[in-house]
Amino acid sequence: MVSSDAPFISFNCAQYADNPELLTSSLFGYKKGAFTGAEEDHVGIFEQAQNGVLFLDEVQRLSAHGQEKLFTYLDDSVVYRVGEATHPRQLNVRLLFATTESLGSSFLKTFIRRIPVQIKVPSIYERTLSEKKELIWSFFMAESKIVNREFKIYPELIDELVKVRYKDNIGGMKSKIKKIVAMSIIHDNGDLLLKPEQSKKISFHKNQEELQIITPQTTLPDIISQKGSNDNALNRMISLITNSISAGGETMDFGELASNCYNAVNDFNDYLVFKHAQSDMPINYYSTEINRIIDFFRDDYNRKFVGKTC
């Protein structure tokens with residue numbers, strides 16, 4: 001579909017929101033003499049992205065006029081350089097748009113209907129518990145590479161970071177992790193131990209073997225393979241339920257499903273009893289996973305909940 005050496009060009013529309021002429025010349029290029037200062041032909045980023053991908057970030061910053069300027073390419077796959085109204089240039093460029101705004105807020109309906117695939121990236125609050133933890137681990141791994149240091153991380157720190165309400169979404173989580181690493185380096189006494197901020201309110205794992213070690217070479221699969229059964233038990237139950245529902249009523253074996261879910265919950269209870277998890281962790285974990293089930297039924301199967309009744 002796209003060759004391995006295809007160009008990928010990123011263009012931030014916010015930089016040109018108040019200058020439509022500069023936007024047009026940057027996107028489509030211009031012919032020598034098209035305007036004052038155009039002393040030679042200029043190739044626009046559309047042409048630079050030929051046979052590749054052009055990513056327009058912050059596309060909500062384009063005015064209605066700016067959106068309309070894209071219509072010719074969206075409809076006919078041709079562009080005109082400024083000053084070449086009779087010389088269309090046929091291109092093969094895949095377009096990606098990104099926005100933080102609602103599609104109904106600042107976009108022309110005629111623009112939106114020309115976009116065949118629309119994907120909503122979930123906020124940090126819409127992510128599953130396992131996704132949040134994987135994001136946290138990935139940010140710590142990135143910091144380990146940046147500072148070229150080995151981190152020893154208390155499990156309680158990960159539990160604490162999962163519960164934080166991040167004002168700036170995933171970017172807020174990333175910034176907080178950067179701050180934790182920076183403060184730990186400032187107060188480093190040899191081993192770079194990353195502790196929870198609420199350290200006085202909880203009891204730490206005393207067994208050093210329970211600390212998660214991250215090096216600049218650590219990969220996410222390395223972390224996932226070492227995660228405890230507390231991450232896997234209820235996630236396995238959720239997977240069993242959603243996969244069975246998706247398969248359809250005719251192929252669903254409710255007896256087998258109930259038995260598998262029962263075993264998954266027992267595994268989780270064993271973790272709580274024998275691994276000495278935090279006392280406040282079970283309620284938070286159960287409530288998160290139960291809310292996931294409710295959201296799944298409500299959003300994917302149009303079910304309405306009143307109290308405990310579906």
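Refer to the structure printed above.
Computed from a predicted structure; not experimentally measured. (Residues numbered from 1 in each chain as written. Predicted model: local features only at pLDDT ≥ 70, side-chain atom pairs only at ≥ 80, totals over all residues. Heavy atoms only, no water.)

**Here's the deal with the overall build of the chain**
(1) Moving on: Across its full length, the chain carries 12 helices and 10 strands.
(2) Moving on: Counting over 310 residues, the chain shows a buried share of 36%.
(3) Moving on: For the chain, contacts bridging at least 24 residues in sequence account for 69% of all contacts bridging at least 6. (Helix = DSSP H or I, 4+ residues; strand = E, 2+ residues; numbered from the N terminus. Buried < 20%, exposed > 50% of the residue type's maximum accessible area, 1.4 Å probe, protein only. Contact = heavy atoms within 4.5 Å.)

**What about the sheet that holds strand S4 (residues 53-57)?**
(1) Moving on: Strand order in the open sheet formed by three strands is S1-S4-S7, with parallel pairing between adjacent strands. With partners counted over all chains shown, the strands left at the sheet margins are strand S1 (8-12) and strand S7 (94-97), one partner each. Going across the sheet, the axis of each strand differs from the next one's by a mean of 20°, ignoring polarity.
(2) Moving on: As paired elements, S4 and S7 share four bridges and run parallel to each other. Bridge assignment links Leu 54 to a residue of S7, and that residue is Leu 95. (Pairing = 2+ DSSP bridges. Axes fitted to C-alpha atoms, helices over the stretch in contact; angles between N-to-C directions.)

**Concerning the pairing of S4**
(1) Moving on: The buried fraction of S4 amounts to four of the five residues, a majority that puts the element mostly inside the structure.
(2) Moving on: Bridging between S1 and S4 involves five bridges; their strand directions are parallel. What sits directly across from Ser 10, in S4, is Phe 55.

**Some thoughts on the packing of helix H6 (residues 129-147) against helix H7 (residues 155-163)**
(1) Moving on: Between H6 and H7, whose axes approach to 10 Å, the crossing angle comes to 115°. Of the two possible hands of crossing, H6 and H7 adopt the one that is right-handed. Contact residues: H6 offers Leu 129, Lys 132, Lys 133, Ile 136, Trp 137 and Phe 140, while H7 offers Leu 157, Ile 158, Asp 159, Leu 161 and Val 162.
(2) Moving on: For the contact of H6 with H7, the per-class residue count stands at eight nonpolar, no polar and three charged. (Left-handed = near helix turned anticlockwise from the far one by under 90°. Nonpolar A, V, L, I, M, F, W, Y, C, P; charged D, E, K, R; others polar.)

**Digging into the sheet that holds strand S10 (residues 212-214)**
(1) Moving on: Read across the sheet, three strands follow the order S9-S8-S10 without closing on themselves; strand pairing throughout is mixed. For this open sheet the edge positions go to strand S9 (193-194) and S10, each flanked by a neighbour on one side alone.
(2) Moving on: Here strand S8 (residues 151-153) runs beside S9; their pairing, made up of two bridges, is parallel. Bridging from a neighbouring strand, Ile 153 pairs with Leu 194 of S9.

**Here we look at the packing of H6 against helix H8 (residues 169-186)**
(1) Moving on: Two numbers describe how H6 lies on H8: the axes approach to 10 Å, and their chain directions differ by 45°. Comparing the axis directions of H6 and H8 gives the class oblique. Of the two possible hands of crossing, H6 and H8 adopt the one that is right-handed. Across the interface between the two elements, Lys 132, Leu 135, Ile 136, Phe 139, Phe 140, Glu 143, Ile 146 and Val 147 from H6 touch Ile 170, Met 173, Lys 174, Ile 177, Lys 178, Val 181 and Ile 185 from H8. (Parallel < 35°, antiparallel > 145°, perpendicular 65-115°, else oblique.)

**Re unusual backbone geometry**
(1) Moving on: The phi angle at Asn 51 is positive, at roughly 65°, despite the residue not being glycine.
(2) Moving on: For Asn 51, the position within the fold is in the loop between helix H2 (45-48) and S4.
(3) Moving on: By relative accessible area, which is 44% here, Asn 51 ends up partly exposed.
(4) Moving on: Non-glycine residue Asn 148 carries a positive phi angle of around 55°.

**Quick look at the environment of Val 82**
(1) Moving on: As for its position among the elements, Val 82 is in the loop between strand S5 (78-79) and strand S6 (89-90).
(2) Moving on: When the C-alpha positions of Val 82 and Lys 31 are compared, they lie 6.0 Å apart, and in sequence the two are 51 residues distant.
(3) Moving on: In this structure, Val 82 is in contact with Thr 24, Ser 25, Gly 29, Tyr 30, Lys 31, Ala 34 and Phe 35, ignoring residues within four places of it in sequence.

**Re the packing of aromatic side chains**
Two aromatic rings, taken as a pair, are described by how far apart their centres are and by the angle between their planes.
(1) Moving on: Going through the model one piece at a time under the given rule, you end up with seven aromatic pairs.
(2) Moving on: Here the aromatic rings of Phe 28 and Phe 46 are separated by 5.3 Å at their centres, their planes lie at 10°, and the arrangement is stacked. Taken as a pair, Phe 28 in helix H1 (residues 20-28) and Phe 46 in helix H2 lie far apart in primary sequence, 18 residues in all. With respect to class, Phe 28 is no different from Phe 46; both count as buried.
(3) Moving on: Measuring from ring centre to ring centre gives 6.0 Å for Phe 107 and Phe 111, while their planes differ by 15°; the resulting arrangement is stacked. (Phe/Tyr/Trp six-rings, centres within 6.5 Å; stacked < 30°, edge-to-face > 60°.)

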